[in-house]
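# Structural characterization, general
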There are 2 protein chains.
Amino acid sequence: MPKLRAHNIAVSLDGFGTGEGQSLETPFGHAGGRLMGWFFPTRTFHRITGQEGGTTGVDDDFAAAAWEGIGAEIMGRNKFGWQRGPWEDESWRGWWGDEPPFHTPVVVLTHHPRPDIAVGDTTFLFRDAAPEAALAEATELAGGLDVRLGGGPSMIREFLDADLVDHLHLVVVPIVLGRGVRIWDGQEGLEERFDIVSTPSPSGVVHVVLDRRAS
Amino acid sequence: MPKLRAHNIAVSLDGFGTGEGQSLETPFGHAGGRLMGWFFPTRTFHRITGQEGGTTGVDDDFAAAAWEGIGAEIMGRNKFGWQRGPWEDESWRGWWGDEPPFHTPVVVLTHHPRPDIAVGDTTFLFRDAAPEAALAEATELAGGLDVRLGGGPSMIREFLDADLVDHLHLVVVPIVLGRGVRIWDGQEGLEERFDIVSTPSPSGVVHVVLDRRAS
């Protein structure tokens, strides 16, 4: 059975998956680059952004796993861009330039659908759908491979609420953000459904992997 | 200079230092024994509670450090007991029986002072004092040794707010409590004042140590 997997989901010590005040200039709000500071040096980040080099090691091992065996992604509208409400600017094609790193269909969940767009060899499909329906469509699109749950934190919570998440890789970053979007709200008792293993990295972050227990 | 050190402060993944609904039967509220489950098997816990045996290893190493070089403790009133407001039952002498594990003076911060009491060779002194004054008295009592900041989470925050904490050892437990007392509230940017090192344990918890940066 294909799985639904979230990877490289950074969380502050106080449980925020992104900061406050997202804008064009600040995709992570006041968190700036701090939540993903462990990711940028990795060989995987270099590779997916068309650069040479980058570090290997624990962080890169985890980063790379996100790109293995994935046939489609589901992401929240706030990962796709900073606009809220009805689309005022449909020329926005995501943060990722002409060749987004996904190279698969990407289902973008939004209450304000717009026509699908192809950017490079990534196709963004805008859907106003519940988690179950979004997963059904993404699974179909993935053609037997797994589906990546891309975030942000609000949609991770929605899919956890619906108990659809098989694998969740969090990266606990040793910062206290104080404000933003919490990833754990409403998740009391989550640990009863998952096996949890923590692995520290020399970079200072701790990789926390939750795998759904066989029922 | 003697230091102010907090040790073995357990925190859930979602940042709660204790659960909701403390009572005589549930010192950690609905968290039950889950926050301290890593601690109970250790040789240190066995030793301080007068038992033989117990585990050695990462958890015990961290647990044991809390008892080294300490001459006094400061604790919050809710660590001492479950009563709130004016003391209705002054016969309460803490959760720890006839021989509490402290063996030093313990300053209990409360807005409702009561006469000092000696239990075994621990003396509890009840003080309505600001963090600075409490630390001054505890430091005097410690006779050149360090002072332990005992918790709970609310008083840890108060001492962090006052920038009095030199060393903070947290234990991140892989559970989502959902409710209780948060340890990180109001601590945005804390990482700028501390060096932070994380160490995982085979038990599944991650020990996170914050040491105040030399200024």
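Residues numbered from 1 in each chain as written. Chains lettered and ligands numbered in written order. Predicted model: local features only at pLDDT ≥ 70, side-chain atom pairs only at ≥ 80, totals over all residues.

### Considerations on the overall build of chain A
Operational definition: Helix and strand assignments follow DSSP, with helices taken as H or I runs no shorter than four residues and strands as E runs no shorter than two, numbered in order from the N terminus. Each radius of gyration reported is based on C-alpha atoms, and the globular scaling rule is 2.2 Å times the count of residues to the power 0.38. Each residue is classed by its C-beta neighbour count within 10 Å, where at least 20 other C-beta atoms makes it buried, 12 or fewer makes it exposed, and intermediate counts make it partly exposed; the C-beta atoms are placed from backbone geometry. Note on contacts: each residue gets a C-beta atom placed from the backbone, and two residues are in contact if those atoms are within 7 Å.
Helix and strand counts for chain A come out as five helices and eleven strands. Rg of the C-alpha trace for chain A: 16 Å, near the compact-globule value of 17 Å for 215 residues, within the 12% margin. For chain A, the proportion of its 215 residues judged to be buried stands at 44%. In chain A, the share of contacts with a sequence separation of at least 24, taken over all contacts with a separation of at least 6, comes to 66%.

### Details of the interface of chain B and chain A
Worth spelling out the cut-off: Each residue receives one of three labels: charged for Asp, Glu, Lys and Arg, nonpolar for Ala, Val, Leu, Ile, Met, Phe, Trp, Tyr, Cys and Pro, and polar for the others, Gly being one of them.
Taken together, the 21 residues of chain B in the interface contact 21 residues of chain A. Top contributing element to the side of chain B that touches chain A by residue count: strand β10 (residues 194-200) of chain B, with four residues. Taken together, the residues that form the side of chain B that touches chain A break down as ten nonpolar, seven polar and four charged.

### Structural notes on the relation of the copies chain B and chain A
Basically, it comes down to this: Residues below a pLDDT of 70 in either copy are left out; the C-alpha atoms of the rest, at least 70 in both, set the least-squares superposition of the copies.
Note on the identical chains: chain B maps onto chain A by a rotation of 180° and an axial translation of 0.0 Å, with an RMSD of 0.0 Å. Taken together, the rotation and translation relating the two chain copies correspond to the operation of a two-fold axis. The residues that chain B uses at the interface reappear at the interface of chain A in 100% of cases, marking a shared surface.

### A short note on the sheet that holds strand β11 (residues 206-212) of chain A
All names here are of chain A. Put simply, the test is: For two strands to be treated as a pair, DSSP must find at least two bridges joining them. With axes taken as lines fitted to C-alpha atoms, and helix axes fitted only over the stretch in contact, angles between N-to-C directions fall between 0 and 180 degrees.
Here nine strands make up an open sheet; going across it, the order is β5-β6-β4-β3-β7-β1-β8-β11-β10 and the pairing mixed. Two strands lie at the open edges of the sheet, namely β5 (117-119) and β10 (194-200), each paired on one side alone. Pairwise comparison of adjacent strand axes, ignoring direction, gives a mean angle of 20° for this sheet. Bridge count between strand β1 (residues 4-12) and strand β8 (residues 167-173): six bridges; the pairing is parallel. Looking at β8, one finds that R5 is bridged to H167. Against the sheet, helix α2 (residues 58-65) contacts β1, β8, β10 and β11, and its axis sits at roughly 140° relative to β1. Strands β1, β3 (70-76), β4 (105-109), β6 (122-127) and β7 (146-149) of the sheet are contacted by helix α4 (residues 131-142), whose axis makes an angle of about 150° with β3.

### Considering the confidence of the model for chain A
Applicable threshold: Confidence of the predictor in every single residue is expressed as pLDDT, which spans 0 to 100.
With 100% of its residues at a pLDDT of 70 or more, chain A shows a mean pLDDT of 96. Under the prediction, the complex receives an ipTM of 0.89, its pTM being 0.93.

### Concerning unusual backbone geometry
The peptide bond linking A:G151 to A:G152 adopts the cis configuration, its omega dihedral lying at 0°. Tracing the backbone shows A:G152 in the loop between β7 and α5 (153-161). Phi is positive for B:N8, which is not a glycine, with a value near 60°. Among the secondary structure elements, B:N8 is positioned in strand β1 (residues 4-12). A count of 24 C-beta atoms within 10 Å places B:N8 in the buried class. Residue B:H103 is not a glycine yet carries a positive backbone phi of 60°. Looking at the element boundaries, B:H103 is found in the loop between α3 (77-80) and β4 (105-109). Here B:H103 falls in the partly exposed class, since 15 other C-beta atoms lie within 10 Å of it.

### Overview of the sheet that holds β4(B)
Residues and elements named next belong to chain B. Ordered in space as β5-β6-β4-β3-β7-β1-β8-β11-β10, the nine strands form an open sheet in which the pairing is mixed. Edge positions in the open sheet fall to β5 (117-119) and β10, since each of these has one partner strand only. The sheet shows a mean angle of 20° between the axes of neighbouring strands, direction not considered. Two elements, β10 and strand β11 (residues 206-212), share seven bridges in a ladder whose sense is antiparallel. Bridge pairing in β11 links I196 to L210.

### With respect to the environment of A:F102
Residues and elements named next belong to chain A. Topologically, F102 is positioned in the loop between α3 (77-80) and β4. When the C-alpha atoms of F102 and I70 are compared, they prove to be 9.3 Å apart, with 32 residues separating the residues in sequence. Beyond its immediate sequence surroundings of up to four residues, F102 is in contact with E73 and T122.

### As for the environment of B:F62
All names here are of chain B. When you line up the elements, F62 lands in helix α2 (residues 58-65). Using a count of 22 C-beta atoms within 10 Å as the deciding quantity, one classes F62 as buried. In the structure, F62 is positioned 24 residues away from P86 in sequence and 36 Å away in space, judged by C-alpha atoms. Those residues in contact with F62, other than ones at most four positions away along the chain, are N8, H169 and H207.

### A short note on α5(A)
Three or four residues apart is the spacing at which side chains of an α-helix point the same way, because the helix has 3.6 residues per turn. Residues and elements named next belong to chain A. Selection rule: When we speak of the arc, we mean the arc of directions from the helix axis to the C-beta atoms.
Buried residues of α5: P153, M155, I156, F159 and L160, and no others. For α5, the angular spread of the buried residues around the axis is 165°, confining them to a single face. Note on α5: the residue one or two positions beyond its end, D163, has a positive phi of about 55°.

### Some words on α2(B)
Residue and element names in this part refer to chain B. When α2 is considered as a whole, its buried residues turn out to be D59, D60, F62 and A63. Axial view of α2: buried residues confined to an arc of 165°, hence all on one face. Contacts made by the buried residues of α2 are with β1, α1 (43-48), β8 (167-173) and β11.

### Focus on the environment of A:T44
Structurally, A:T44 can be placed in helix α1 (residues 43-48). In this structure, A:T44 is in contact with A:G54, A:D60, A:A63, A:A64 and A:W67, ignoring residues within four places of it in sequence.

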